Amino acid sequence: MSFTNHLSDISSLRNKYFSVRHGESEANVAQIISSNPQVGTEIHGLSSNGRSQVAENTKLFLQNYPSNNSYVIISSDFRRARETADNLASNLTDSHGNKPSIQLDKRLRERFFGIYDGTSDKSYDIIWKTDEENPIKNLNEQVEPVDSVRERTTALIKELEDKYENQIIFLVSHGDALQILQTAFERIPNANQQRYLKHLERAEFRPLLLK
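Residues numbered from 1 in each chain as written. Predicted model: local features only at pLDDT ≥ 70, side-chain atom pairs only at ≥ 80, totals over all residues. Heavy atoms only, no water.

Enquirer: Can you break down the side chain of Ser-25 residue by residue, with the values?
Expert: In this fold, Ser-25 is placed in the loop between β1 (16-21) and α1 (26-30). Look at Ser-25 and you get buried, because its relative accessible area is 0%. Within the local environment of Ser-25, its side chain forms a polar contact with the backbone nitrogen of Ala-27, the two atoms lying 3.3 Å apart. Excluding its chain neighbours within four sequence positions, the residues that come into contact with Ser-25 are His-44, Gly-45, Leu-46, Ser-47 and Arg-80. (Helix = DSSP H or I, 4+ residues; strand = E, 2+ residues; numbered from the N terminus. Buried < 20%, exposed > 50% of the residue type's maximum accessible area, 1.4 Å probe, protein only. Polar contact = N/O pair within 3.5 Å; in protein donor to acceptor, adjacent residues only side chain to side chain. Contact = heavy atoms within 4.5 Å.)

As structure tokens, then:
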């Protein structure tokens, strides 16, 4: 099975990108994995704490990046990501005084965790260890390969680079999807090394810098 890293031939970027992981969700509170689109797009939205996390971190972002920018928000269509994007957009104003619109894109969806979907979030440690040691086992258990996640997320970046220039682009998504995307920005050869990156916290804004 062959996958493409669409950032491998890009040497510089026309836009600034920020990963934004969703705030604390109802699935996080329940300590379960929610990766099935049929479920995650409908339920498991943000908790009240999650909404506060997003609002607070948006304010912190604006302290470092003045509001005289143009913003684009691209979000996973999972409910917890959509609600994070809505909260983010409501706290942003571009250089013309307008609120940014939100574009939903399935390429930013949560990584699908196969047989572990709906189970305890303690299963993440098993999945990540298997990513490194025996990825075929994960594939047999219907877990989406890390290279598949990197292919779909980098395809989105390539498309955004063709479409926009001099924008701040927020990518509102999920922990695995965003850290796997970060491996492409950092030219890390193997996407299964995503867990060696600093853990992306809930509602964290992280700049994605191409190396």
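Enquirer: Kindly report on the sheet that holds strand β4 (residues 168-173), identifying the contributing residues and their values.
Expert: The mixed open sheet is built from five strands, whose spatial order is β3-β2-β4-β1-β5. Both outer strands of the open sheet, β3 (102-104) and β5 (205-208), are each paired with one neighbouring strand and no more. Direction aside, neighbouring strands of the sheet carry axes that sit 25° apart on average. Across three bridges, strand β2 (residues 71-75) lies against β3 in parallel orientation. By the bridge assignment, Ile-73 is partnered in β3 with Ile-102. Lying on the sheet, helix α3 (residues 48-64) is in contact with β1, β2, β4 and β5; it crosses β5 at an angle near 45°. Against the sheet, helix α7 (residues 146-163) contacts β1, β2, β3 and β4, and its axis sits at roughly 155° relative to β4. (Pairing = 2+ DSSP bridges. Axes fitted to C-alpha atoms, helices over the stretch in contact; angles between N-to-C directions.)

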